[in-house]
Amino acid sequence: MSNAPIYEIDVAEFRNDPYPTLQYMRSHTPIAYVPTLDAILITKRNDIFKLEKITNVFSSVQPDGLITKLMGQNMMRKDGHAHQIERKAIFSTVSPKTVRDIWEAKFKESTKQVLNNLAPSGCADITKDFAMPVCAEALKALTGLTNMSWQEMDRVSQGMIDGCANYTGDLQVEANCNDCTSSIDAHISERLSRAVDSNDNSLIAVQKRAGLSDAQLRVNVKLAISGGQNEPRDAIAGIIWAVLQNSNILRDLKAGNLIYLQVFEEFTRWISPIGMSPRRVAKRYVH
Ligand code: HEM
């Protein structure tokens, strides 16, 4: 039983804007048990940085966690050797070299297409009309699920994220999440029913070539979809919004005094697309 101090959060308030609560917790109860979540929250960056590496205590293996229950045990929910095997298997899809040599040109092309589609209307919603299709088209190529529409990619990603954050147990959210994982499975089955090209660098192809099981292949594709749409979508839309709010940054970007990587890093520090990284406390830890 944890002896961490108890701190209750207001879920609605937290969902709307988590930063004031997190700021308060960092100053008053940096490590606290939160009854509504039935979890201990560690809110200081340096504590997280240190503790997340002690995986025999703060384990990624969470059989009772929502991600494992709803999507299956993906690589992110494994530690040590089991994690390394799958990480190595997907490396040739996500390595910086593959991104530079294979994906960059494809992503630029599909982004150009999205912009061309938007041009006639003269105005656009940055999130729905731009960031969503840009990320979903990239994810279709990267996963190998080119048989899915970008709208379906966004729907299934959001549905899984909602399901995995459904700490209050809303049955409708859970049912929708199950519908989304079924849709992904159907698309993967259809994709696997056709031959996989030996030059194919998609997640489906590289995992199949590496000899991962059907279950491992499917669950890691679901992981990539849940993480590969929401986070870049929110980061891209948020960065555009932030840059347009701040003429100095826009000017520095245009003048080449700032590069987009710096803007990306500062934005994701400031408004992180991922607010929490769960671990299971596997054994007693004394600080
Ligand atoms: C702004 C964009 C992104 C952010 C901020 C982000 C953030 C993160 C974070 C914080 C983790 C670790 C979570 C944990 O250990 O609990 C993670 C893991 C992961 N992400 Fe992302 N991510 C982004 C984009 C993507 C994309 C585009 C993909 C793939 C298409 C992706 C696939 C993965 C995978 C497969 C893992 C698990 C890695 C492992 O277990 O070794 N992510 N991401």
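Our structure's up above, just so we're on the same page.
I will try to describe carefully the structure that is included in this document. All values reported here derive from a predicted model rather than from experimental measurement.

1. Observations concerning the overall build of the chain
Right, so step 1: Across its full length, the chain holds 13 helices and four strands.
Right, so step 2: Taking 19 Å as the expected radius of gyration for a compact globule of 287 residues, we find that the chain reaches 20 Å, a close match to that expectation.
Right, so step 3: Dimensions of the chain, computed from C-alpha atoms along their principal axes, come out at roughly 55 × 50 × 35 Å.
Right, so step 4: Every one of the 287 residues in the chain was classed for burial, and the buried ones make up 37%.
Right, so step 5: For the chain, the proportion of contacts with a sequence separation of at least 24, taken over those separated by at least 6, is 62%.

2. Remarks on unusual backbone geometry
Right, so step 1: Of note in this structure, Asp38 is not a glycine but carries a positive phi near 50°.
Right, so step 2: The topology assignment puts Asp38 in the loop between strand 1 (31–34) and strand 2 (39–42).
Right, so step 3: Take Asp38: its relative accessible area is 57%, and that puts it in the exposed class.

3. Side note on the layout of surface pockets
Right, so step 1: The computed volume of the second largest pocket comes to approximately 530 Å³.
Right, so step 2: Along the walls of the second largest pocket sit 16 residues, with Ala235, Ile236, Ile239, Tyr260 and Phe264 positioned nearest its centre.
Right, so step 3: Its residues assigned to classes, the lining of the second largest pocket comprises 14 nonpolar, one polar and one charged.

4. Observations concerning the state of the cysteines
Right, so step 1: All chains considered together, the criterion is met by zero disulfides.
Right, so step 2: Cysteine Cys180 is unpaired, with the sulfur of Cys177 as its nearest cysteine sulfur at 6.4 Å.
Right, so step 3: Given the relative accessible area of 0%, Cys180 is considered buried.

5. Here's the deal with the pairing of strand 1
Right, so step 1: Of the two faces of strand 1, only the one carrying Ala32 and Val34 is buried; Ile31 and Tyr33 on the other face are not.
Right, so step 2: In this structure, strand 1 lies alongside strand 2, joined through four bridges in antiparallel fashion. From the neighbouring strand, Val34 faces strand 2, where its bridge partner is Ala39.
Right, so step 3: What sits between strand 1 and strand 2 in their antiparallel hairpin is a turn of four residues, with Asp38 showing a positive phi close to 50°.

6. Some words on the packing of aromatic side chains
Right, so step 1: This model, assessed by the stated rule, comprises five aromatic pairs.
Right, so step 2: These aromatic residues form a ring-pair network of at least three members: Trp241, Phe267 and Trp270.
Right, so step 3: Across from the ring centre of Phe49, 4.4 Å away, lies the NZ or CZ of Arg45, which sits over that ring.

7. Considering the packing of helix 9 (residues 171–192) against helix 11 (residues 214–245)
Right, so step 1: Contact pair helix 9 / helix 11: the axes reach a minimum separation of 11 Å and the direction vectors enclose 125°. What the angle tells us is that helix 9 and helix 11 run oblique. The two elements helix 9 and helix 11 meet at a crossing, and its hand is right-handed. When helix 9 is examined against helix 11, the residues Thr181, Ile184, Asp185, Ile188, Ser189 and Leu192 are found in contact with a partner set consisting of Asp214, Leu217, Arg218, Val221, Lys222 and Ile225.

8. With respect to the packing of helix 11 against helix 13 (residues 260–270)
Helix-helix packing is characterised by the crossing angle of the two axes and by the distance between the axes.
Right, so step 1: Where helix 11 contacts helix 13, the axes come no closer than 10 Å and their chain directions differ by 100°. By the angle between their directions, the pair helix 11 and helix 13 is classed as roughly perpendicular. Contacts between helix 11 and helix 13 involve Asp234, Ala235, Gly238, Ile239, Trp241, Ala242 and Val243 from the former and Val263, Phe264, Phe267, Thr268 and Trp270 from the latter.
Right, so step 2: Residues belonging to the contact of helix 11 with helix 13 are distributed by class as follows: nine nonpolar, two polar and one charged.

What counts, and where the lines are drawn
Residues numbered from 1 in each chain as written. Predicted model: local features only at pLDDT ≥ 70, side-chain atom pairs only at ≥ 80, totals over all residues. Heavy atoms only, no water. Helix = DSSP H or I, 4+ residues; strand = E, 2+ residues; numbered from the N terminus. Rg over C-alpha atoms; globule rule 2.2 N^0.38 Å. Buried < 20%, exposed > 50% of the residue type's maximum accessible area, 1.4 Å probe, protein only. Contact = heavy atoms within 4.5 Å. 1 Å grid on protein atoms, 1.4 Å probe; cavity = no way out; pocket = protein on both sides within 12 Å on 5 of 7 lines; lining within 4 Å. Points joined across faces, edges and corners; volume = space filled by probe spheres on them. Nonpolar A, V, L, I, M, F, W, Y, C, P; charged D, E, K, R; others polar. Disulfide = S-S within 2.5 Å. Pairing = 2+ DSSP bridges. Phe/Tyr/Trp six-rings, centres within 6.5 Å; stacked < 30°, edge-to-face > 60°. Lys NZ or Arg CZ within 6 Å of the ring centre and 35° of its normal. Axes fitted to C-alpha atoms, helices over the stretch in contact; angles between N-to-C directions. Parallel < 35°, antiparallel > 145°, perpendicular 65-115°, else oblique. Left-handed = near helix turned anticlockwise from the far one by under 90°.

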